[in-house]
Amino acid sequence: MDISKVIIPAAGLGTRFLPYTKAVPKEMLPLLNKPAIQYIAQEALASDIQQFLMVTSKGKNAIADYFDADPALELFLKERNKTALLNELDKIARTAHFSYIRQPEPLGLGHAICMARHAIASKEYFGVMLPDDIIVGATPALLQLIRIARQERASVIAVQEVPEEYISMYGVVSIKKQFTPNLFQVANLVEKPNKKDAPSNLAIIGRYVLSQKLFKALDEVGYNQDHGEIQLTDGITQMSKDGEKVLAYKVQGNRFDVGTPIGWIKALISLASQDPYYAPHIREFLMDFNTTTSFVYNSTKNLTPTL
Ligand code: G1P
């Protein structure tokens with residue numbers, strides 16, 4: 001099974017991160033010195049995917065600009081022996097091929113994914129990565145799914161167990177059969193159920209490997225009557241009814257929802273604490289928080305002119 005493309009729906013308005021997202025796409029939030037979207041691109045490349053179908057919208061041009069080559073900046077850095085600063089981006093530019101597709105109106109995740117259907121061949125399987133979900137672990141999350149999809153010749157959805165008080169924030173899978181501690185066959189999916197209606201504690205995380213049959217299934221389900229959007233979860237449930245084998249795999253790794261300030265702060269602290277350059281500074285700062293704040297206070301006080 002050849003899986004070489006990933007659809008990245010990056011057209012969302014970012015309302016959970018307003019007012020920041022009024023002028024800057026949420027995908028460009030910095031995590032250390034890189035924007036969140038670069039972690040997504042690097043995970044895809046590490047999963048051996050080279051074709052990126054980025055679904056964007058008005059106000060998101062910074063994403064395309066960021067991944068563009070910049071010969072003037074490269075020359076400037078070369079003259080100063082600082083090209084290492086762009087090494088990772090260079091690798092992306094040399095290996096990945098980006099297509100930008102516009103979603104004219106925010107009509108749901110299923111609708112955004114449909115905007116890229118012309119780029120997917122009949123019988124092809126493709127990845128989907130939701131850029132709000134940053135997953136950090138030994139094996140790239142998308143690669144974990146691709147391996148299962150190839151082995152089982154099936155569509156695969158990433159899931160993680162979440163405590164019941166948070167389950168209504170997610171799409172949730174209803175299990176038909178359990179194969180291993182981490183692999184399940186899916187009966188259907190429910191988008192953001194009430195706590196009491198949730199069919200399991202397995203929440204959908206933003207990584208998928210899906211069959212091209214999804215597009216026909218999305219046509220069949222159409223716009224959801226409750227909120228007028230085309231939902232990906234409805235489409236996947238329909239695809240399973242149409243006969244496609246849909247599996248859920250408990251992905252290994254720490255997952256952060258960087259679409260909210262709290263999730264973003266947690267991701268930032270976690271990434272900084274694991275990075276050889278940032279870790280000593282951050283650990284010292286966190287361990288010595290009281291001393292540090294009193295130092296800031298005292299140094300400010302020292303600046304106060306005394307008579
Ligand atoms: C989307 C999906 C949902 C999934 C979640 C994971 O929801 O619709 O099924 O659980 O991403 O992050 P959103 O968070 O965009 O509302």
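Residues numbered from 1 in each chain as written. Predicted model: local features only at pLDDT ≥ 70, side-chain atom pairs only at ≥ 80, totals over all residues. Heavy atoms only, no water.

1. Description of the layout of surface pockets
One water molecule sets the probe size; rolling that probe over the atoms shows where empty space is left. Note the threshold: Here a cavity denotes grid points, spaced 1 Å and computed from the protein atoms alone, that fit a 1.4 Å probe unable to get out, and a pocket denotes an open set having protein on both sides within 12 Å along at least 5 of 7 lines; residues with an atom within 4 Å of a point are the lining. Grid points are joined across faces, edges and corners, and a volume is the space filled by probe spheres set on the points. Comment: elements are numbered from the N terminus, with helices defined as DSSP H or I runs of at least four residues and strands as E runs of at least two. As a working rule, the residues Ala, Val, Leu, Ile, Met, Phe, Trp, Tyr, Cys and Pro are called nonpolar, Asp, Glu, Lys and Arg charged, and the rest polar, with Gly in that last group.
A volume near 1100 Å³ is recorded for the largest pocket. Every element with two or more residues in the lining of the largest pocket is listed here: helix H5 (109–114), strand S11 (202–211), helix H8 (232–241) and strand S13 (254–257). In terms of residue count, S11 provides more of the lining of the largest pocket than any other element does, four residues in total. When grouped by side-chain class, the residues that make up the lining of the largest pocket number 17 nonpolar, 10 polar and 10 charged.

2. Some thoughts on the pairing of strand S9 (residues 171–178)
In plain terms, the rule: When DSSP finds two or more bridges between a pair of strands, those strands are recorded as paired.
In the sheet, S9 pairs with strand S10 (residues 183–191) via seven bridges, with the strands oriented antiparallel. When the bridges of S10 are listed, Ser 174 appears paired with Asn 188. Between the antiparallel neighbours S9 and S10 lie four residues.

3. Here's the deal with the nonpolar core
Note the threshold: Nonpolar core, defined: a set of buried Ala, Val, Leu, Ile, Met, Phe, Trp, Tyr and Cys residues in which side-chain atoms within 4.5 Å join the residues together. Burial classification: accessible surface area is computed with a 1.4 Å probe over protein chains only, and a residue below 20% of its type maximum counts as buried, one above 50% as exposed, and the rest as partly exposed.
The biggest cluster of nonpolar side chains holds 57 residues, and the ones touching the most others in it are Val 6, Leu 31, Ile 37, Phe 52, Phe 67, Val 209 and Val 258. When residues in this core are grouped by element, the largest group, seven residues, is from helix H1 (residues 36–46). Counting residues in hydrophobic clusters, the runner-up holds 32 residues, among them Val 128, Ile 157, Tyr 208 and Leu 232.

4. Here we look at a negative patch on the surface
Defined as follows: Like-charged residues are merged into a patch within 9 Å and nonpolar side chains (Val, Leu, Ile, Met, Phe, Trp, Tyr) within 5 Å, provided each residue has over 30% relative accessible area and no salt bridge. The protein chains shown are the only cover counted for residues, whose accessible areas, like all others here, come from Shrake-Rupley with a 1.4 Å probe. The salt bridge definition used is simple: a Lys or Arg side-chain nitrogen within 4 Å of an Asp or Glu carboxyl oxygen. The convention is simple: Lys and Arg are positive, Asp and Glu are negative, and His and the chain ends are not counted. By convention, charge coordinates are those of NZ in Lys, CZ in Arg, CG in Asp, or CD in Glu.
There is a patch of like negative charges on the surface, built from Asp 65, Asp 68, Asp 70 and Glu 74. Position of Asp 70 relative to the elements: it lies in the loop between helix H2 (61–67) and helix H3 (71–79). The class for Asp 70 is partly exposed, based on a relative accessible area of 36%.

By themselves, these are just geometric observations and shouldn't be taken as functional.
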